Each structure stands twice: as structure tokens, then as C-alpha cells.
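Here is what each chain is made of, one letter per residue.
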Amino acid sequence: MKETKQADGIVCMLTERIDKELLENTHHLKIIANMAVGYDNIDIEVAKKHNIIVTNTPDVLTETTADLTFSLLMATARRMTEASDYIREDKWGHWSPFLLAGTDIHHKKLGIVGMGRIGEAVAKRAKGFGMSILYNNRTRKYEKEKELNAVYTEFDNLLSEADFIISLVPLTNRTKHLFNKQAFQKMKKSAIFINVSRGGTMDEKALVNALKSQEITAAGLDVFEDEPIPSDHPLVRLDNAICLPHIGSASIETRKAMLHLCMENVVSFFDGNGPKTPVFE
Ligand code: DGY
């Protein structure tokens, strides 16, 4: 707080809360450069009110995050962490027909909730696996539907039809706990839920219940409501959930590019050339 009070600019990560109290206790703050594409850690309305610019790091992490999303989907469907633990725990006695049998990915139905840049990049990967794609988004993307072979559908329909459901929506008041008890109840028993956007888009207690009661088959999670989570978190304790520590964009190349863009925003702004990637004009 002491440092931010006097600062002209703040470079921050998604784990830093830039809230009303912090913002209203600054004297010279002109720019906040967030090293993430999501910016739910920043009170945007208060920043706007005080004419403080906010920047994020779009585009540079799209493909890397889509890679992780699709890998997590595959690892969850094919029970890869469970299978790896099986060997570590010295349980591999003999081959048997249904030992660690998972779910097919190819030619299944993928439901993408939040068709932004990352959603589109995930859809491209899914197309290569012969999957059919349903999507739900705040606005319809007519021009992308043909290219991605994606069909727009209502949220509830996507929940009941898709084999895999991926949360890629940003966290806002509208999307908080979008995936709640009712949403999990609408999914197929065989559904696999993947969350790579923000933990707040799902009601974790409802998800734990849905996984424990096998209302849905499995979940692959890179994000949680309250990060970091401890090893005794109920989701970590479940065999049918894979939990990762928010590593969607974590490749060396992409993290370097994010850092670079973050700093470029600050330098360009103070050089008088304006921010490169502001989140609002
Ligand atoms: C983001 O950028 O918002 C991701 O969650 C971290 O890369």
C-alpha cells in the first residue's frame, strides 16, 4: 500500500487484488499493467472513474492456453494422472481389458462456453479430432461458425448435449457460479467438465458433489475459487478430478511474451505513445 500510494504505474499479476481501497489511496497512479489476459483482480469501474488506464496481455497467450486446455481435456478423459500414479504406487500387476479405461475424445461433442480467442483456438484443435462443436457466447460469431464448424446454442442445451464442457468465460458478475448445482444436473452422466478460465465461474461445492455422486464423470481444473489450493482440498482428493496450479499460459516462450507486452504497455504509455493493449478506451 505504501508503495502503490506514490506510484505512477503498477505492474501486477492476477494474484494481486487491485481494489477500490487501493485505487482510492493512490495519488499519482496513471496505469495498471496486468500480466494476464483476465483482469477480474482489478476493480475496472473504479479505475475508469479515476481515469486510470488498465492493460492486459491478450493474443500472446492464446495458442499456449489452448494447448493446455486441450491437453487437460485429454488427460482427464484418458485418466492420465491416475494411470501415472498407478505405476508410481506399484499397482501394475497385469494388463486387463478395462484397466484404467477412459472416454474417447475423437468424434465426441465439445461444448465451449466463452468463444473468445482461446475458445476459437481450442475449437481449431477439436476440429482436428473430428469433434462436433457447440458454443455459447455473449455474442454470436457468425463469421467463425463456418470456419470452426461450430454451432451456436443456448447454454442449457449445450450443458445437456455436450460430452465435454469447457469454461472459457471471463469472471464477471454475470458469470459468477455459472456452473452451479443446476448446471451440473443438466449435464450428461458421462460429461467431463474442464475449467481453464477462472475458478469463480464454478461453484466448487456443487462440483465436488456432482463428482462424488457421479452426476458427471470427471473434471479437469486449472483454476479454483480461492487460489492457491492446499493438497487436502476436496477436489484434489477425488480420483475423478485432475487439478493443476493455474498453468494455462505457462510455457517459457509465452510467459516471456506476456512479460514483454506488459512492460511495453508501461513504456509506451510513459513515452507518450499510449498503451498497446488497454482493456477499455
Ligand atoms: C490469464 O492470463 O488470465 C491466465 O489466467 C494466466 O495466464
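Please read these numbers as outputs of a predicted model, since none were measured by experiment.

### Focus: the site of the ligand
- Taken together, Leu14, Ala36, Val37, Gly38, Leu61, Gly248 and Ser249 make up the full set of residues adjacent to the ligand.
- Residue composition of the shell around the ligand, by class: four nonpolar, three polar and no charged.

### Some points on the pairing of strand β7 (residues 164-167)
- Because side chains alternate across β7, one face comprises the buried residues Phe164 and Ile166, and the other comprises Ile165 and Ser167, equally buried.
- Pairing of strand β4 (residues 109-113) with β7 involves four bridges; the strand directions are parallel. Among the inter-strand pairings, leucine 110 is bridged to a residue of β7, identified as phenylalanine 164.
- Relative to strand β8 (residues 192-195), β7 runs parallel, the two being bridged by four bridges. Following the sheet pairing, phenylalanine 164 is matched in β8 by isoleucine 192.
- The handedness of the β7 to β8 crossover, carried by helix α9 (residues 181-186), is right-handed.

### A short note on unusual backbone geometry
- That bond from glutamate 227 to proline 228 is cis: its omega, -5°, falls within 30 degrees of zero.
- On the secondary structure map, proline 228 appears in the loop between β9 (218-221) and β10 (241-243).
- For leucine 100, which is not glycine, the phi dihedral falls at a positive 50°.
- Locating leucine 100 in the fold gives a position in the loop between α5 (80-88) and β4.
- Owing to 14 C-beta atoms within 10 Å, leucine 100 belongs among the partly exposed residues under this scheme.

### With respect to the sheet that holds strand β1 (residues 9-12)
- Ordered in space as β1-β2-β3, the three strands form an open sheet in which the pairing is parallel. Looking at strand neighbours, the two that pair on one side only are β1 and β3 (53-55), the edges of this open sheet. Going from strand to strand, the sheet's axes swing by 10° on average, the running direction of each strand aside.
- Across three bridges, the pairing between strand β2 (residues 31-34) and β3 is parallel. Note on β3: the bridge partner recorded for isoleucine 32 is valine 54.
- Strand contacts of helix α11 (residues 252-270): β1, β2 and β3, with the helix running at about 160° to β2, the strand carrying the most contacts.

### Description of the sheet that holds β8
- As summarised here, the arrangement of the seven strands in space is β6-β5-β4-β7-β8-β9-β10, forming an open sheet in which the pairing is parallel. Of all the strands in the sheet, just β6 (150-152) and β10 have a single pairing partner and so form its edges. Across the sheet, the mean angle from the axis of one strand to that of its neighbour is 20°, orientation sign disregarded.
- Taken together, the three bridges between β9 and β10 define a ladder with parallel strand orientation. Each bridged residue has a counterpart across the sheet, and for alanine 219 the counterpart in β10 is alanine 241.
- Against the sheet, helix α6 (residues 117-128) makes contact with β4, β5 (132-136), β6 and β7, and its axis sits at roughly 175° relative to β4, the strand it touches most.

### Regarding the UniProt feature "domain: D-isomer specific 2-hydroxyacid dehydrogenase catalytic" (unreviewed entry) in the protein
- Per the UniProt annotation, the sites labelled "domain: D-isomer specific 2-hydroxyacid dehydrogenase catalytic" (unreviewed entry) are residues 2-279.
- In residues 2-279, the share of helix is 36% and the share of strand is 14%. The end C-alpha atoms are 26 Å apart.

### Comments concerning the pairing of β5
- In terms of burial, β5 is a largely internal element, four of the five residues being buried.
- Inspection of the sheet shows β4 paired to β5 by five bridges, in the parallel sense. When the sheet's bridge partners are listed, glycine 111 is paired in β5 with leucine 134.
- Note that the unit made of β4, α6 and β5 has a crossover that is right-handed.
- As judged from the three bridges shared by β5 and β6, these two strands associate in the parallel manner. When the bridges of β6 are listed, isoleucine 133 appears paired with alanine 150.
- The handedness of the β5 to β6 crossover, carried by helix α7 (residues 142-148), is right-handed.

### Remarks on the packing of helix α4 (residues 62-77) against α6
- Where α4 contacts α6, the axes come no closer than 8 Å and their chain directions differ by 55°. Considered as vectors, α4 and α6 are oriented oblique to each other. By crossing handedness, the relation of α4 to α6 is classed as right-handed. Counted together, Thr62, Glu63, Thr65, Ala66, Thr69 and Phe70 of α4 and Arg117, Ile118, Ala121, Val122 and Arg125 of α6 form the full contact between these two elements.
- Its residues assigned to classes, the contact of α4 with α6 shows five nonpolar, three polar and three charged.

Thresholds applied
Residues numbered from 1 in each chain as written. Predicted model: local features only at pLDDT ≥ 70, side-chain atom pairs only at ≥ 80, totals over all residues. Near = placed C-beta within 6 Å. Nonpolar A, V, L, I, M, F, W, Y, C, P; charged D, E, K, R; others polar. Buried ≥ 20, exposed ≤ 12 C-beta atoms within 10 Å, placed from the backbone. Helix = DSSP H or I, 4+ residues; strand = E, 2+ residues; numbered from the N terminus. Pairing = 2+ DSSP bridges. Right-handed = clockwise from strand over helix to strand, strands pointing away. Axes fitted to C-alpha atoms, helices over the stretch in contact; angles between N-to-C directions. Contact = placed C-beta atoms within 7 Å. UniProt positions renumbered as here; feature names shortened; annotations may be inferred. Parallel < 35°, antiparallel > 145°, perpendicular 65-115°, else oblique. Left-handed = near helix turned anticlockwise from the far one by under 90°.

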